[in-house]
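A look at the structure
Here is what each chain is made of, one letter per residue.
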Amino acid sequence: MGVIIIVIVVLLVYILSEAGKSPEKPPKPKEDPDKKTQENIAIQILTKKTTPEAIADKDGYDIEHIKQWVQNYIDYAVKYSLDAGKTNAHIDQLIDDIAFLKEVCHKYIGDDWEEKTDYQNRTRSKYK
């Protein structure tokens, strides 16, 4: 009988000590990665290579943030698609302008106008 009382007292003390502890908090999600990484994650999810849940489990990012990255990427792709016509029209206009410039230079400067104006090296270093 004494052993039973001791066991009950020990259990009671254990239960009371555990009741005083605060429950464990879930781990804090990792900070959001840079924009390029967010886009790569969104592409992986959109191409069905992974899921938001798998990324959240593997990398520790907040799942709501991951879903927002996917939505941001979709919004960007739609806007890019809608603006593509304007961009292509602008490119076509620039191509026409360059052709006109070449024609005028050839007419007024001569056949060696590219050499005289250093046309091949002019302000193109940032695009190489």
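The following refers to the structure shown. (Residues numbered from 1 in each chain as written. Predicted model: local features only at pLDDT ≥ 70, side-chain atom pairs only at ≥ 80, totals over all residues. Heavy atoms only, no water.)

On to the packing of aromatic side chains. Enumeration according to the criterion identifies four aromatic pairs in this entry. Look at Tyr 61 and Trp 69: their rings are 5.5 Å apart centre to centre, the planes differ by 70°, and that puts the pair in the edge-to-face class. Each member of the pair, Tyr 61 together with Trp 69, is buried. Each residue in the set Tyr 73, Tyr 76 and Tyr 80 is aromatic and connected to the rest through ring pairs, giving one cluster. (Phe/Tyr/Trp six-rings, centres within 6.5 Å; stacked < 30°, edge-to-face > 60°. Buried < 20%, exposed > 50% of the residue type's maximum accessible area, 1.4 Å probe, protein only.)

In a soluble, globular protein the nonpolar side chains are often hidden away together inside. In terms of nonpolar packing, the biggest core is built from nine residues, these being Ile 41, Ala 42, Ile 45, Ile 55, Ala 56, Tyr 61, Ile 66, Trp 69 and Val 70. Only helix H2 (35–46), helix H3 (52–59) and helix H4 (63–108) provide two or more residues apiece to this core. Beyond its immediate stretch of four places on either side in the chain, Ala 42 contacts Trp 69, Val 70 and Tyr 73. (Core = buried A, V, L, I, M, F, W, Y, C linked by side-chain atoms within 4.5 Å. Helix = DSSP H or I, 4+ residues; strand = E, 2+ residues; numbered from the N terminus. Contact = heavy atoms within 4.5 Å.)

Turning next to the packing of H3 against H4. Axis separation between H3 and H4 bottoms out at 9 Å; the angle between their running directions is 130°. The orientation of H3 with respect to H4, classified from their angle, is oblique. Handedness of the crossing formed by H3 with H4: right-handed. Residues Pro 52, Glu 53, Ile 55 and Ala 56 of H3 form the contact with H4, whose own contacting residues are Ile 63, Ile 66 and Lys 67. (Axes fitted to C-alpha atoms, helices over the stretch in contact; angles between N-to-C directions. Parallel < 35°, antiparallel > 145°, perpendicular 65-115°, else oblique. Left-handed = near helix turned anticlockwise from the far one by under 90°.)

What follows deals with a nonpolar patch on the surface. A cluster of nonpolar side chains, namely Val 3, Val 7, Leu 11, Tyr 14 and Ile 15, defines an oily patch on the protein surface of about 510 Å² accessible area. Position of Leu 11 among the secondary structure elements: in helix H1 (residues 2–19). The class of Leu 11 is partly exposed, set by a relative accessible area of 47%. (Patch = residues over 30% accessible without salt bridge, like charges linked within 9 Å, V, L, I, M, F, W, Y side chains within 5 Å. Areas by Shrake-Rupley, 256 points an atom, 1.4 Å probe, with all protein chains shown as cover. Salt bridge = Lys/Arg side-chain N within 4 Å of Asp/Glu carboxyl O.)

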